[in-house]
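Breakdown of the fold
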Amino acid sequence: MKLTTLFGRILIVWAILSSQAGFAQTITGQTAGFENTPNGKIIKAWYTAWEQKDWNLMTQILADGFTFSSPVDDHIKINAVKERCWPNAGMIKTVDVQQLIMNGDAVFVIANGYNTDGKLFRNCDYFTIKDGKIGAYECFFGPGINFPTSGK
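Counting of residues starts from 1 at the beginning of each chain's written sequence and follows it residue by residue. For this predicted model, a pLDDT threshold of at least 70 governs which residues receive local features, and a threshold of 80 or more governs which side-chain atom pairs are given and counted, while totals over whole chains, interfaces and linings are taken from all residues. Excluding hydrogens and water, the side-chain figures rest on all heavy atoms present in the structure.

Side note on the overall build of the chain
Strands are runs of DSSP state E lasting at least 2 residues, helices are runs of H or I lasting at least 4, and numbering of each runs from the N terminus. The helix and strand inventory of the chain stands at 5 helices and 6 strands. Of the regular secondary structure in the chain, the N- to C-terminal order runs α-α-α-α-β-β-α-β-β-β-β. Burial classes: relative accessible area under 20% of the type maximum marks a residue as buried, over 50% as exposed, and values in between as partly exposed (1.4 Å probe, protein chains only). Scored against the burial criterion, the 152 residues of the chain give a buried share of 34%. Contact criterion: two residues are considered in contact whenever any of their non-hydrogen atoms come within 4.5 Å of each other. Here the contacts in the chain between residues at least 6 apart in sequence split such that 44% fall between residues at least 24 apart. When the accessible surface of the chain is totalled, it reaches about 9100 Å², and 58% of it is carbon and sulfur. Calculation of accessible area relied on Shrake-Rupley with a 1.4 Å probe; when residues are assessed, cover is drawn exclusively from the protein chains displayed.

Describing the pattern of salt bridges
In what follows, salt bridge is the name for a side-chain nitrogen of Lys or Arg lying within 4 Å of a carboxyl oxygen of Asp or Glu. Counted according to the given criterion, the structure contains 1 salt bridge. A salt bridge links Asp-73 to Arg-84; its shortest N-O distance comes to 2.4 Å. With a gap of 11 residues between them, Asp-73 in strand β2 (residues 73-76) and Arg-84 in helix α5 (residues 78-85) connect regions that are remote in the sequence. Accessibility expressed as a relative area gives 8% for Asp-73, which makes it buried.

Here we look at the packing of aromatic side chains
Planes of paired rings set the category: under 30 degrees apart is stacked, over 60 is edge-to-face and the rest tilted, where pairs are Phe, Tyr or Trp rings (Trp by its six-membered ring) whose centres lie within 6.5 Å. Counted under the stated rule, the structure contains 10 aromatic pairs. Relative to Trp-86, the ring of Trp-50 has its centre 4.7 Å away and its plane inclined at 45°; by these criteria the two rings are tilted. In this pair, Trp-50 sits in helix α3 (residues 38-52) while Trp-86 sits in the loop between α5 and β3 (92-103), placing the two residues 36 residues apart along the sequence. When sorted by exposure, Trp-50 lands in the same class as Trp-86, which is buried. With centroids separated by 5.0 Å and ring planes inclined at 40°, the aromatic side chains of Phe-68 and Tyr-137 adopt a geometry described as tilted. Here Phe-68 is found in strand β1 (residues 62-70), whereas its partner Tyr-137 is found in strand β6 (residues 133-144), with 69 residues between them in sequence.

What about the nonpolar core?
Note on terminology: a nonpolar core comprises buried Ala, Val, Leu, Ile, Met, Phe, Trp, Tyr and Cys residues joined through side-chain atoms within 4.5 Å. Grouped together as the largest cluster of nonpolar side chains are 30 residues, with contacts concentrated most on Trp-46, Trp-50, Met-58, Phe-68, Phe-127 and Ile-134. Put simply, the parts of the chain that give this core at least two residues each are α3, α4 (55-60), β1, α5, β3, β4 (106-115), β5 (120-130) and β6. Ranked by the residues each element gives to this core, the list is headed by α3, at 7 residues. Not counting residues up to four positions away in its chain, the partners in contact with Phe-68 are Trp-46, Trp-50, Asp-73, Asp-74, His-75, Ile-76, Val-81, Cys-85 and Tyr-137.

Observations regarding the confidence of the model for the chain
Each residue carries a pLDDT score, the predictor's confidence in it, ranging from 0 to 100. When pLDDT is averaged along the chain, the result is 80; 70% of the residues meet or exceed 70. Confidence drops under a pLDDT of 50 for residues 13-29, and excluding neighbours within four residues, the segment shows 2 contacts in the predicted structure.

Section: unusual backbone geometry
Although it is not a glycine, His-75 adopts a positive phi angle of roughly 50°. As for its position among the elements, His-75 is in strand β2. Phi angles above zero are rare outside glycine, and Asp-131 is one such case at about 55°. Here Asp-131 shows up in the loop between β5 and β6. Judged by relative accessible area, which is 74%, Asp-131 ranks as exposed.

Encoded structure:
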């Protein structure tokens, strides 16, 4: 085989592999721009309220009859959320959306969060949007600490 033919084939393989690596990076692409959709803006505001400890923002994005569920909370109302869950906001440093799937007014999110001690908490969150606001929220804890103040 001629050296120029070998070199040409190497370049072609390199170009193919380079383009495939670029296409494989899809997580950012799947969540990029979700904040620009009506439901995406509401979901972004949810995480922003927790990060910024902004109860006023939180109440603005919740629909009448809002319920909050988690492995330790069964469809609790807003007053119970403020009393039992909202104190966790003081321990949240950041929340990064890793995966987001919207199906009409149903939104699934997988997010990594970090508490103020730098410990990871990972959640799968399911939101139901009602009249442009969050009507229901269900949280499923994942690896790491269960929630920012769980002490685990």
